[in-house]
Amino acid sequence: MGILEGKTALITGASRGIGLAIAQRFAAEGAAVVLCASRLGSHGDLKGTLEDAVAAIVSGGGRAAAEACDLSDAVARADLVERAQKHFGPLDIVVNNAAASIVSLPSETSLKQRNLMYEVNLNAPVDIAQQVLPGMRSRRQGWILNISSASARQSVVPYRDSQIAAHVICAYGATKAALDRYSQGLAHEVAADGICINTLAPESIVLTAGANYVREIARRSPDMAEPVEMMAEAALTLCSERFIGQVCFSRQLLHTHGVKVRSLDGAVELGDAFLPADLENMA
Ligand SMILES: NC(=O)c1ccc[n+]([C@@H]2O[C@H](COP(=O)([O-])OP(=O)(O)OC[C@H]3O[C@@H](n4cnc5c(N)ncnc54)[C@H](OP(=O)(O)O)[C@@H]3O)[C@@H](O)[C@H]2O)c1
């Protein structure tokens, strides 16, 4: 029996990257997962589609369904939870993982760019939480995990790597700082109803399409990259145990609580999130 057997989960931004890894790990533990991204099929030259992601989980024996929704559009996302619950029933878990990250110096980031990032990174997670909370409250159980970023804080000087990386994610980082703050307040409001809300960020760089602009930094300093399995395992921990109002980092959380990292299909124990040798096994 997987630890999420009988549970249902909605994961946004699950067509690729960290969201897909979380969906795969949850499905391997028995959850029925609804994967959301802005569209079903391919767009641009990005690898991986929502359809491919669902097919991969189903072909591995998991239960998965797709729900396309442009989360930057308040009208389109207004009934996302209702639509998601038509697949496998009431949601026990929501992972707000989708994000818009526009690389631009803080002095140049336009209102249009800022609005897009605030819509996808802050307003969508809050709207989705507000849609799912009444059901979770009535069942007196639920988990909401919002995916954040270390860029919520300004890098310390002297900057460890490129000054560009310290500044061009300022507006994006501001949306994640707001998400951390909102999540903590909401977590404490609903904790007495049995609902666990937390945020989780990668400790370093996960080499996804969304992290392309820092790929060169990770290439030059491999210790600044982390395998996607670490985020998936940390997300599983936060969506199956009773943490409340935490702003967590993947490696720190796993190491502090002695959680071993497993492969996305759950079959293999890859190691401790702390030991460099184990990290190499995961890369
Ligand atoms: N990678 C890192 O090192 C890193 C570091 C810090 C924080 N994070 C956070 O981790 C999360 C995942 O990052 P990632 O690197 O895996 O990202 P990614 O590879 O760029 O994937 C982003 C996902 O979000 C979806 N998405 C984007 N805009 C959307 C919209 N308007 N509506 C619906 N879905 C939308 C994309 O789907 P489609 O484009 O297919 O619609 C895709 O599935 C994000 O919250 C990010 O801020 C990542």
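Here, the structure is the one placed above.
Parameters at a glance
Within any chain, residue numbers begin from 1 and follow the written order of that chain's sequence. Where totals are concerned, whole chains, interfaces and linings use all residues; where local detail is concerned, this predicted model gives features only for residues with pLDDT of at least 70, and gives and counts side-chain atom pairs only at 80 or more. A run of H or I in DSSP becomes a helix once it reaches four residues, and a run of E becomes a strand once it reaches two; helices and strands are each numbered from the N terminus. We compute the radius of gyration over the C-alpha atoms and compare it with the globule rule, which gives 2.2 Å times the number of residues raised to the power 0.38. Around each residue's C-beta, the other C-beta atoms within 10 Å are counted; 20 or more make the residue buried, 12 or fewer make it exposed, and counts in between make it partly exposed. All C-beta atoms are placed from the backbone. Residues are scored as being in contact if the C-beta atoms we place from backbone atoms lie within 7 Å. In this analysis, strands are considered paired if DSSP registers two or more bridges between them. Only the stretch in contact is used when a helix axis is fitted, and all axes are lines through C-alpha atoms; the angle between N-to-C directions ranges over 0 to 180 degrees. Each residue gets a C-beta atom placed from its backbone. Should that atom fall within 6 Å of a molecule or strand, the residue is termed near it. Classification convention: Asp, Glu, Lys, Arg as charged; Ala, Val, Leu, Ile, Met, Phe, Trp, Tyr, Cys, Pro as nonpolar; all other residues, Gly among them, as polar.

### Quick look at the overall build of the chain
Moving on, step 1. From N to C terminus, the chain includes 10 helices and nine strands.
Moving on, step 2. Over its C-alpha atoms the chain spans a radius of gyration of 18 Å, differing by no more than 12% from the 19 Å that the globule rule assigns to 283 residues.
Moving on, step 3. Each principal axis of the C-alpha distribution contributes one length, and for the chain these read about 50 × 45 × 40 Å.
Moving on, step 4. Here the chain holds 283 residues, and 44% of them are scored as buried.
Moving on, step 5. Taking the intrachain contacts of the chain between residues at least 6 apart in sequence as the baseline, contacts between residues at least 24 apart amount to 68%.

### Here's the deal with the sheet that holds strand 5 (residues 142-147)
Within a sheet, each strand pairs with its neighbour through backbone hydrogen bonds, oriented either parallel or antiparallel.
Moving on, step 1. Overall, parallel pairing links the seven strands, which are arranged 3-2-1-4-5-6-7 in an open sheet. Strand pairing shows two members of the sheet lacking a second neighbour, strand 3 (63-68) and strand 7 (247-249), which therefore form its edges. The sheet shows a mean angle of 20° between the axes of neighbouring strands, direction not considered.
Moving on, step 2. Where strand 1 (residues 8-12) lies against strand 4 (residues 93-96), three bridges are found, and the strand directions are parallel. Within the sheet, the bridge partner assigned to Leu10 lies in strand 4 and is Val94.
Moving on, step 3. Against the sheet, helix 1 (residues 17-28) makes contact with strand 1, strand 2 (32-37), strand 3, strand 4 and strand 5, and its axis sits at roughly 170° relative to strand 1, the strand it touches most.
Moving on, step 4. In this fold helix 2 (residues 50-59) packs onto strand 2 and strand 3, with an angle of close to 170° to the strand it touches most, strand 3.

### Topic: the site of the ligand
Moving on, step 1. What surrounds the ligand is a group of 31 residues, the closest being Gly13, Gly17, Ser38, Ala99 and Gly210.
Moving on, step 2. By residue number, the principal contributor to the shell around the ligand is helix 1, which donates three residues.
Moving on, step 3. Its residues assigned to classes, the shell around the ligand shows 16 nonpolar, 12 polar and three charged.

### Thoughts on unusual backbone geometry
Moving on, step 1. Phi is positive for Arg140, which is not a glycine, with a value near 55°.
Moving on, step 2. Relative to the helices and strands, Arg140 is located in the loop between helix 4 (111-139) and strand 5.
Moving on, step 3. We classify Arg140 as exposed; it has 10 C-beta atoms within 10 Å.

The quantities given are spatial measurements derived from coordinates; they are silent on function.
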